Number of protein chains: 2
Amino acid sequence: MAAPCSSTCEPAAEGSIRERVPPLLSDLYHFTMAYAYWRTGRHHEHAVFELYFRENPFRGSFAIFAGLGDCLLFLRNFRFTDQDVDFLRSALPAATEPAFFKFLRSLDCSGVTLRSAPEGSVVFAREPLMEVAGPLAVVQLLETSLLCLVNYASLVCSNAARFRLASGPRRKLLEMGLRRAQGPDGGLSASRYSYIGGFDVSSNVQAGLLFGIPVTGTMAHSFVTSFSSLDQVSLQTLVDVKRAPDQVDFVSLTKGWLGRVCELLGAEPRKIHEGELAAFLSYAITYPHHFLPVIDSYSVARSGLVNFCAVALALCELGYRPLGVRLDSGDLCKQSLDVRRALRLCRERFSIPAFDSLTIIATNNISEQAMVELNNKENEVDVLGVGTHLVTCSKQPSLGCVYKLVEVGGRPRMKFSEDPEKSTIPGRKAIYRLMDADGHPFLDLLCVAVEPPPEAGHPLRCHPLAAAAAPLSVTPLKVICLHRDMFARGQVMQPSCSAAETKATVQSSIQSLHPRHKQLQGPDAYVVALSEKLHTLVTDLRRDSTKKNNLILGN
Amino acid sequence: MAAPCSSTCEPAAEGSIRERVPPLLSDLYHFTMAYAYWRTGRHHEHAVFELYFRENPFRGSFAIFAGLGDCLLFLRNFRFTDQDVDFLRSALPAATEPAFFKFLRSLDCSGVTLRSAPEGSVVFAREPLMEVAGPLAVVQLLETSLLCLVNYASLVCSNAARFRLASGPRRKLLEMGLRRAQGPDGGLSASRYSYIGGFDVSSNVQAGLLFGIPVTGTMAHSFVTSFSSLDQVSLQTLVDVKRAPDQVDFVSLTKGWLGRVCELLGAEPRKIHEGELAAFLSYAITYPHHFLPVIDSYSVARSGLVNFCAVALALCELGYRPLGVRLDSGDLCKQSLDVRRALRLCRERFSIPAFDSLTIIATNNISEQAMVELNNKENEVDVLGVGTHLVTCSKQPSLGCVYKLVEVGGRPRMKFSEDPEKSTIPGRKAIYRLMDADGHPFLDLLCVAVEPPPEAGHPLRCHPLAAAAAPLSVTPLKVICLHRDMFARGQVMQPSCSAAETKATVQSSIQSLHPRHKQLQGPDAYVVALSEKLHTLVTDLRRDSTKKNNLILGN
């Protein structure tokens, strides 16, 4: 039941970006700061900000960088309307000069450049995911919107990637978290970035429309409970595929099968729920090629499974192929084994090969931990549907990305904090990913932007960021420059990627990781290090910060 | 720095609802089920769904119902476009009849009624927050969108209400979570419903524009670190308010104060950060009436506090009133005490009364637990800014609302699940809140819709929902009918409420609760109970479900 939308669907996304991310979707202090820069004539100074997170999420060793596409659209469309400016006039102190609002009305991102890792890349704590450079006032005004677009996108994408790692490559993963997300757009972001992170399909129709994500779904419990008796089965016939256009009394046919199934499975006819049978019949007659009911509305063993088998066998007799069942409560492993055993019994007794390939979908508040446990227990689940724990990222509901000033007017800037991990790494940088002989990345090196890149085959000394780590000497077999020019002169510099294309980037990026970095529990830390030159810059700035300021009182 | 927008701002909200919550923002299975209802002629049957949550969030005893306003706008605007229908044609099985898409194109909510508690009410687990009734196919199609609008709104509003309870009524609470929310709309919802739940002000400018929420903010660390020397202070003078229009050299004036402050506080001039002083001077000259810097970019005690005092004293000398300081790292309690002590010293030594009323804002990853601890320790924090833990609801990131069928074609429906707590309570209901002699609600009673309401002063027997609870006999002193007609015949039935009005409902609703239900840790459970009549209905349906289905194989 996949949606066939194979285009990138970018026009729809662009059309709505101004509606979704207006430039006032920002913290007020950016405007007060922008005014202070403007008032003191610093607004045009060239500034460089970096966006990064401080700790790898979910106690893992990596994250996935996502949200870039929306950031680029946001930059391209960044402009204040008259209504925006009127509101700012009311929100800022009355003393704010009118000319500042004219200045705001004239702003755009034509002077802004953005360099970043490709969307979908594996990234690590404390390395810049994005570098945003341009006039100080403008790049300051972009902060919150860019953080808002990257933070959750990267978090849920990383979460989805972990679910994918936990489930292994073969099991199909269904995202179904819309109703539990942070409102409509939270739900759309969840569907979009879960798919990119490794899910196969979503229940979210709008995500199918906007992003070309395959969508799926059959029935909820309400469909089953809306039926109470066979009298409600108004359509009673189906075409026999092999003898079309003959219509067969499908209800009678199913009743016949029901007797045989009860006998085979040892089920009591009086425990079978008539309303459930009526619901299954109505659905099967409506969609005979797509029969996949939820079978736990009353009791899987006593009613749902028996009704399913009867209807599915009747469908097979007429030449249709039922798809499978969904389990939504109880012990999913045990139930999936019981269901598979019953399906095999039917297959053998009634010689119905289609019963070999029926899908068992399980959906019941599945967490990453539950998925790991599922893998450690015998089960017959083919497809897992995940909602709440995926979209809320319950294990760690924030990535905590920050956006920090590293250079202004060509001079590196650094923040020294009361909390050491809140200190920043100064200066404009180049980031190189160093690969080992097996093609696995083993270290990301942060360099001063203008120093020569590391060379493959040449040893280099560097300073890991981890607290109290000793300097390292390493020799990369290959060196990759992580960041690319993404936005300049008001234009997006790289072709936009569809969700499916970014999904492929995620998978190849994760595949390149060494298994010791991919472990969900207790992975080896991936090393992010400073080059000698950058380390010297940090040391110098630290020293200067405690030295030179005795001049303040000098005059 | 509050925004003066006092109108309800509803037009903007309505204008965007179709963009924010298109009717395809839904799970695909609603469409497959709607098709099955349509195909089998059941789509016009009258159905009743209830929206509720199963457990009170955050281990508390209550939640706040929020999101209603958006639900009503969604219903009023619910209509499929040609583009929607074209996409559905591609997403549904090819066998779906073309006439069904014509049917979808014609749908609206003119046949739907919605009854609910007023937005902002205290509500409890397992009681219906909303009852949605109308043609089966239509009310089924509304499920996911309504859940999406209520789930997070109610969760974050309840979370904000807990932060308010934890902080006490006097301390000012600032919401600043936009950058950590689930994308742009998650951030807007967070700001809107945090304010409604009890926060005073937000940093989110767009929330100010759309919902009339007061917005605030002054400066980030980047502003401070963007300065490195006093040479960057391009504007150097300020008007002396008492001797206007005379301009005074504000930099020199501040330097004079800096010497005195260093002496008074025992600070070393050489440890003072010149760039920080330049930033404070530039901001103060720009906004002399709104001086509230962040003082921990380098070291609070050695630099930030000293610089603040010097600039603030200079402002006071010229007749301005500085506002206060922000702390964003380290031990907030200890630092606030140190800061207050220094401010008092300045006030006494220099006889500056304005220093008595300076505000100390603290913002550093504050959780509910951190707020409770803050209240138990001596501190001088006047305003708390909360971001990540508030908007992500890290303690429990989902409310888990569900939408369940309780009646169809006038017959009560019930789901029996493998998990007992997933069973539903059948039938259309009236919900009464029973009050005790002190005006506190003590029990919410779910009744069959058509039974006579409980009467004040008359004892009644009821059946608490808690597992294994014995029947109770209670006598209410007052009885309130919780639900009201909110939507009928395509129209919203109650005047729309501004965020400020709903905020007032929340506060009065929480105030009415008995203190034992308001405790954040280990509160007494609030009793939700079934009337005798409803209890009998449940018992009858349970019995019937195991009895009458021996008829299926009868013909």
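Residues numbered from 1 in each chain as written. Chains lettered and ligands numbered in written order. Predicted model: local features only at pLDDT ≥ 70, side-chain atom pairs only at ≥ 80, totals over all residues. Heavy atoms only, no water.

1. Concerning the overall build of chain A
Logical step 1: A tally of helices and strands in chain A yields 19 helices and 22 strands.
Logical step 2: Along the longest, intermediate and shortest principal axes, the C-alpha atoms of chain A span 100 × 55 × 40 Å.
Logical step 3: Among the 555 residues that make up chain A, the fraction classed as buried is 64%.
Logical step 4: If you take every contact in chain A between residues at least 6 apart in sequence, the share linking residues at least 24 apart comes to 76%. (Helix = DSSP H or I, 4+ residues; strand = E, 2+ residues; numbered from the N terminus. Buried < 20%, exposed > 50% of the residue type's maximum accessible area, 1.4 Å probe, protein only. Contact = heavy atoms within 4.5 Å.)

2. Points about the packing of helix H3 (residues 68–77) of chain B against helix H7 (residues 143–167) of chain B
Residues and elements named next belong to chain B.
Logical step 1: Relative to each other, H3 and H7 sit at 155°, their axes nearing to 9 Å. With respect to H7, the element H3 is oriented roughly antiparallel. Here H3 and H7 pass one another in a crossing that is right-handed. Taking contact as the criterion, the partners of Asp70, Cys71, Phe74 and Leu75 in H3 are, on H7, Ser145, Leu146, Leu149 and Val150. (Axes fitted to C-alpha atoms, helices over the stretch in contact; angles between N-to-C directions. Parallel < 35°, antiparallel > 145°, perpendicular 65-115°, else oblique. Left-handed = near helix turned anticlockwise from the far one by under 90°.)

3. Thoughts on unusual backbone geometry
Backbone geometry follows two general trends: most residues other than glycine have a negative phi, and most peptide bonds adopt the trans configuration.
Logical step 1: Between alanine 244 of chain A and the following residue, proline 245 of chain A, the backbone shows a cis peptide bond with an omega angle of 5°.
Logical step 2: Note that proline 245 of chain A resides in the loop between strand S8 (237–239) and strand S9 (247–249).
Logical step 3: Phi at arginine 489 of chain A is positive, roughly 50°, even though this residue is not glycine.
Logical step 4: Turning to its location among the elements, arginine 489 of chain A is positioned in the loop between strand S20 (484–488) and strand S21 (491–492).
Logical step 5: Judged by its relative accessible area of 62%, arginine 489 of chain A is exposed.
Logical step 6: Despite not being glycine, cysteine 393 of chain B shows a phi value in the positive range, around 50°.
Logical step 7: Note that cysteine 393 of chain B resides in the loop between helix H16 (388–391) and strand S13 (402–408).
Logical step 8: The exposure class of cysteine 393 of chain B is buried, given its relative accessible area of 1%.

4. Quick word on the relation of the copies chain B and chain A
Logical step 1: Once turned by 180° and shifted 0.0 Å along the axis, chain B lies on chain A with an RMSD of 0.0 Å. One copy is carried onto the other by what is essentially a two-fold rotation axis.
Logical step 2: When the interface residues of chain B are mapped onto chain A, 100% of them are again interface residues, pointing to one common binding face. (Least-squares fit on C-alpha atoms with pLDDT ≥ 70 in both.)

5. Quick word on the interface of chain B and chain A
Logical step 1: Contact residues are listed per partner, giving 134 residues for chain B and 134 residues for chain A.
Logical step 2: Across the chain B to chain A interface the summed buried area is about 11,500 Å²; carbon plus sulfur atoms make up 59%.
Logical step 3: Scanning the region where chain B abuts chain A turns up 4 salt bridges.
Logical step 4: With its nearest N and O atoms 2.9 Å apart, the salt bridge here joins aspartate 27 of chain B to arginine 179 of chain A.
Logical step 5: Put simply, chain B and chain A have 43 residue pairs in polar contact (both at pLDDT 80 or more) between them.
Logical step 6: At 10 residues, the largest contribution of residues to the side of chain B that touches chain A is made by helix H2 (residues 28–39) of chain B.
Logical step 7: Considered class by class, the residues forming the side of chain B that touches chain A number 58 nonpolar, 51 polar and 25 charged. (Buried area = accessible area lost by both parts, 1.4 Å probe. Salt bridge = Lys/Arg side-chain N within 4 Å of Asp/Glu carboxyl O. Polar contact = N/O pair within 3.5 Å; in protein donor to acceptor, adjacent residues only side chain to side chain. Nonpolar A, V, L, I, M, F, W, Y, C, P; charged D, E, K, R; others polar.)

6. Structural notes on the domain arrangement of chain A
Residue and element names in this part refer to chain A.
Logical step 1: As assigned here, chain A comprises domain 1 (11–162 + 395–553) and domain 2 (168–391).
Logical step 2: Taking only C-alpha atoms, the centre of domain 1 and the centre of domain 2 are 45 Å apart.
Logical step 3: The partner domain 2 presents 21 residues to the 23 residues of domain 1 that form the contact.
Logical step 4: Summed over the shared surface of domain 1 and domain 2, the result is 4 salt bridges. (Domains from an automatic or database assignment.)

7. A word on the sheet that holds strand S6 (residues 172–175) of chain B
Residues and elements named next belong to chain B.
Logical step 1: In spatial order, the strands read S7-S6-S12-S11-S10; together these 5 strands make up an open sheet with parallel pairing. In the strand order of this sheet, the two ends are held by strand S7 (201–202) and strand S10 (324–327), each with one partner.
Logical step 2: Along the sheet face, helix H14 (residues 332–350) touches S10 and strand S11 (359–362) and points at about 155° away from the line of S10. (Pairing = 2+ DSSP bridges.)

8. Quick look at the pairing of strand S1 (residues 46–52) of chain B
Residue and element names in this part refer to chain B.
Logical step 1: With 6 of its 7 residues buried, S1 lies for the most part within the structure.
Logical step 2: Both S1 and strand S5 (residues 130–135) contribute to a ladder of 6 bridges, which runs antiparallel. When the bridges of S5 are listed, glutamate 50 appears paired with glutamate 131.
Logical step 3: Bridging between S1 and S13 involves 6 bridges; their strand directions are antiparallel.

9. A short note on the sheet that holds strand S22 (residues 527–531) of chain B
As a general point, the strands of a sheet are linked pairwise by backbone hydrogen bonds and lie either parallel or antiparallel.
Residue and element names in this part refer to chain B.
Logical step 1: Pairing within the open sheet is mixed, and its 6 strands lie in the order S18-S17-S22-S16-S15-S19. The open sheet terminates on both sides in strands that have one partner only, identified here as strand S18 (472–474) and strand S19 (478–481). For this sheet the average axis-to-axis angle between neighbouring strands, irrespective of direction, equals 40°.
Logical step 2: Where strand S17 (residues 460–464) and S22 come together, 3 bridges link them in antiparallel fashion. The residue of S22 that forms the bridge with cysteine 462 is serine 531.
Logical step 3: The sheet strands contacting helix H19 (residues 532–545) are strand S15 (429–435), strand S16 (441–448), S17 and S22, and the helix crosses S22 at an angle near 75°.

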